[in-house]
Amino acid sequence: AQRVTQPEKLLSVFKGAPVELKCNYSYSGSPELFWYVQYSRQRLQLLLRHISRESIKGFTADLNKGETSFHLKKPFAQEEDSAMYYCAPRGYMRFGAGTRLTVKP
Amino acid sequence: GAGVSQSPSNKVTEKGKDVELRCDPISGHTALYWYRQRLGQGLEFLIYFQGNSAPDKSGLPSDRFSAERTGESVSTLTIQRTQQEDSAVYLCATRPQLAGPPYEQYFGPGTRLTVT
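Computed from a predicted structure; not experimentally measured.

The rules we used
- Residues numbered from 1 in each chain as written.
- Chains lettered and ligands numbered in written order.
- Predicted model: local features only at pLDDT ≥ 70, side-chain atom pairs only at ≥ 80, totals over all residues.
- Heavy atoms only, no water.
- Contact = heavy atoms within 4.5 Å.
- Buried area = accessible area lost by both parts, 1.4 Å probe.
- Salt bridge = Lys/Arg side-chain N within 4 Å of Asp/Glu carboxyl O.
- Polar contact = N/O pair within 3.5 Å; in protein donor to acceptor, adjacent residues only side chain to side chain.
- Helix = DSSP H or I, 4+ residues; strand = E, 2+ residues; numbered from the N terminus.
- Nonpolar A, V, L, I, M, F, W, Y, C, P; charged D, E, K, R; others polar.
- Buried < 20%, exposed > 50% of the residue type's maximum accessible area, 1.4 Å probe, protein only.
- Pairing = 2+ DSSP bridges.

**Q** Can you walk me through the interface of chain A and chain B in this structure?
**A** Accessible area lost on assembly of the parts is the figure often given for the size of an interface. With 18 residues of chain A in contact, the opposing surface of chain B contributes 19 residues. Carbon and sulfur atoms make up 55% of the surface buried where chain A meets chain B, a total of about 1600 Å² over both sides. At the surface where chain A touches chain B, the tally comes to one salt bridge. Of the charged contacts, one joins B:Glu104 and A:Arg49 as a salt bridge, the two residues approaching to 2.9 Å between their closest N and O atoms. Linking chain A with chain B are six residue pairs in polar contact (both at pLDDT 80 or more). When contributions to the side of chain A that touches chain B are tallied by element, the ones reaching two or more residues are β5 (33–38), β6 (45–49) and β9 (83–89) of chain A. The greatest single-element share of the side of chain A that touches chain B, amounting to three residues, is contributed by β5(A). Split into classes, the residues belonging to the side of chain A that touches chain B amount to 10 nonpolar, two polar and six charged.

**Q** Could you clarify how one ought to interpret the pairing of strand β4 (residues 31–37) of chain B in this entry?
**A** All names here are of chain B. Most of β4 is tucked away, with seven of its seven residues classed as buried. Two strands pair when backbone bridges link them, and β4 and strand β5 (residues 43–50) are joined in this way by seven bridges, in the antiparallel orientation. Paired with Tyr-33 across the two strands is Tyr-48, which belongs to β5. With antiparallel pairing between neighbouring strands as the criterion, β4 and β5 make up a hairpin whose turn holds five residues, including Gly-40 at a positive phi of roughly 75°.

Take a look at the structure:
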């Protein structure tokens, strides 16, 4: 079964500091992973997918097969990045438990 | 061209009553998912549909929970004899198809259920 783990429930950083939200996966086969974000009073939405190797809102996530990780990173956090972040594999979506990021001014 | 919609947006019910939550998918999306999000917790997968078939019901928390889907359109999640622990936001998401890309899910705004 495709499983992901987000070890941090809460993460708090200051504005301008780097941020890394951790996600580890544990399943066989070719992983395909996503990050979803839920801003306050908005619906859950896709942030980025690893296969696209894209940078969205300054966030990137690299699939590290050796460490079985897909951490989400941003070099300089902004207050508007405060949200709930979920890591998820493809398929019918056993989402990670989520990490609530708070960026303090 | 509208996204996934859910109704009602808020529902307050008394313990022991039955409730029905509705999800209207994006037109043409055959895969539909229900999740529960308790306060301060992550997403809990409940059930998914491919068309009107639900191959995996293992995520439903108890036999008080059931879901149906009419063809490839509306889905309803029914909770019978509601309990206070059922209080949560219930999210619906859809995808164009179950197998193969694209894998992105499109979420509805959720129904906030409060059981008093």
